[in-house]
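Residue-level listing of the chains:
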Amino acid sequence: MKNLFFTVSLSAAVLVLAASCGAPKQMATAPASNNPFGETFEAPCQEYDTDEYFAATGIANGPQPRIGVVHEMALTNAQNIVRQKMQHAYKGAIDDYSSAIGTNMGTDMQEKMERGGTQIIDQIINDTQENCVKYSAVDSRGNISCYVGIRISKEEVATAIADYVSDDEELKVRFNEFDFRKRMEENFKKFKEN
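Residues numbered from 1 in each chain as written. Predicted model: local features only at pLDDT ≥ 70, side-chain atom pairs only at ≥ 80, totals over all residues. Heavy atoms only, no water.

A. Quick look at the state of the cysteines. As enumerated under the stated definition, the model contains 1 disulfide in all. The side chain of Cys45 participates in a disulfide bridge whose partner is Cys132; the two sulfur atoms lie 2.0 Å from each other. The sign of the S-S torsion, about -65°, decides the handedness of the disulfide formed by Cys45 and Cys132: left-handed. Residue Cys45 is located in the loop between helix H1 (2-20) and strand E1 (53-63), and its partner Cys132 is located in strand E2 (residues 130-135); the two are separated by 87 residues in the primary sequence. Owing to a relative accessible area of 8%, Cys45 belongs among the buried residues under this scheme. Not engaged in a disulfide, the cysteine Cys146 finds its nearest cysteine sulfur in Cys45; these two sulfurs lie 7.8 Å apart. (Disulfide = S-S within 2.5 Å. Helix = DSSP H or I, 4+ residues; strand = E, 2+ residues; numbered from the N terminus. Buried < 20%, exposed > 50% of the residue type's maximum accessible area, 1.4 Å probe, protein only.)

B. View of the confidence of the model for the protein. Confidence in the prediction for the protein averages 76 pLDDT; 66% of positions are at 70 or higher. Every residue in residues 1-30 is under pLDDT 50, and counting partners more than four places away or in other chains gives 2 contacts. (pLDDT = per-residue confidence, 0-100. Contact = heavy atoms within 4.5 Å.)

C. How the structure looks around the pattern of salt bridges. Inspection of the entire model under this criterion finds 3 salt bridges. One salt bridge connects Arg151 with Glu47, and the closest N-O pair in it is separated by 3.5 Å. One end of the pair, Arg151, is in strand E3 (residues 143-153); the other, Glu47, is in the loop between H1 and E1, and 104 residues separate them in sequence. (Salt bridge = Lys/Arg side-chain N within 4 Å of Asp/Glu carboxyl O.)

D. Focus on the side chain of His71. In this fold, His71 is placed in helix H2 (residues 67-101). If sequence neighbours within four positions are ignored, His71 has contacts with Glu130, Val133, Tyr135, Cys146 and Val148.

E. Representation of the packing of aromatic side chains within the structure. Under the defined criterion, the tally for this structure stands at 0 aromatic pairs. One Lys or Arg, Arg151, reaches over the ring of Tyr53 and ends 5.2 Å from the middle of that ring. Positioned above the aromatic ring of Phe54, the side-chain terminus of Lys154 is 5.1 Å from the ring centre. (Phe/Tyr/Trp six-rings, centres within 6.5 Å; stacked < 30°, edge-to-face > 60°. Lys NZ or Arg CZ within 6 Å of the ring centre and 35° of its normal.)

F. Main features of a nonpolar patch on the surface. Where nonpolar side chains cluster on the molecular surface, the patch consists of Ile67, Val133 and Tyr135 and spans about 220 Å² of accessible area. In this fold, Tyr135 is placed in strand E2. By relative accessible area, which is 37% here, Tyr135 ends up partly exposed. (Patch = residues over 30% accessible without salt bridge, like charges linked within 9 Å, V, L, I, M, F, W, Y side chains within 5 Å. Areas by Shrake-Rupley, 256 points an atom, 1.4 Å probe, with all protein chains shown as cover.)

Right, dumping it as structure tokens:
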């Protein structure tokens, strides 16, 4: 047992001596970036929200012979991203307007305003024009990536929704059109993707 302890101790001493006497030292290196996702890139056709526009970049991947379907999927992806942003901003605008005029507006009115706004948002989304379209090269499996950038005017959305609400007889009863338009535009401008 003594010999085993001595051998292990001697081996450890030799390793310590070798490490301290010119053996190459390995230093821990800090990662190049603190990004937990590793290396990132900006997609072609990258669009960002501004005070004036809701924006998104849709991305899809698929076989090169189905390039039309891949393009359509990328556009649909971008439209769905913008739709979610618009609905979120609109819901915030409705909540803000409802609290500003008091709780007596009623949930029926608020639901009707939300449904109407959602219909207008869907109509505007369906008429989306592409701002940018780019394709990757064909990869080793025969696939391509398609990138589609879109932008939708916040003012256009706010105006269309306010016009809808002001034209609805039931909603007109408790509706201050000027105040609603103003609040819609302000809330939409405040909304920016982080």
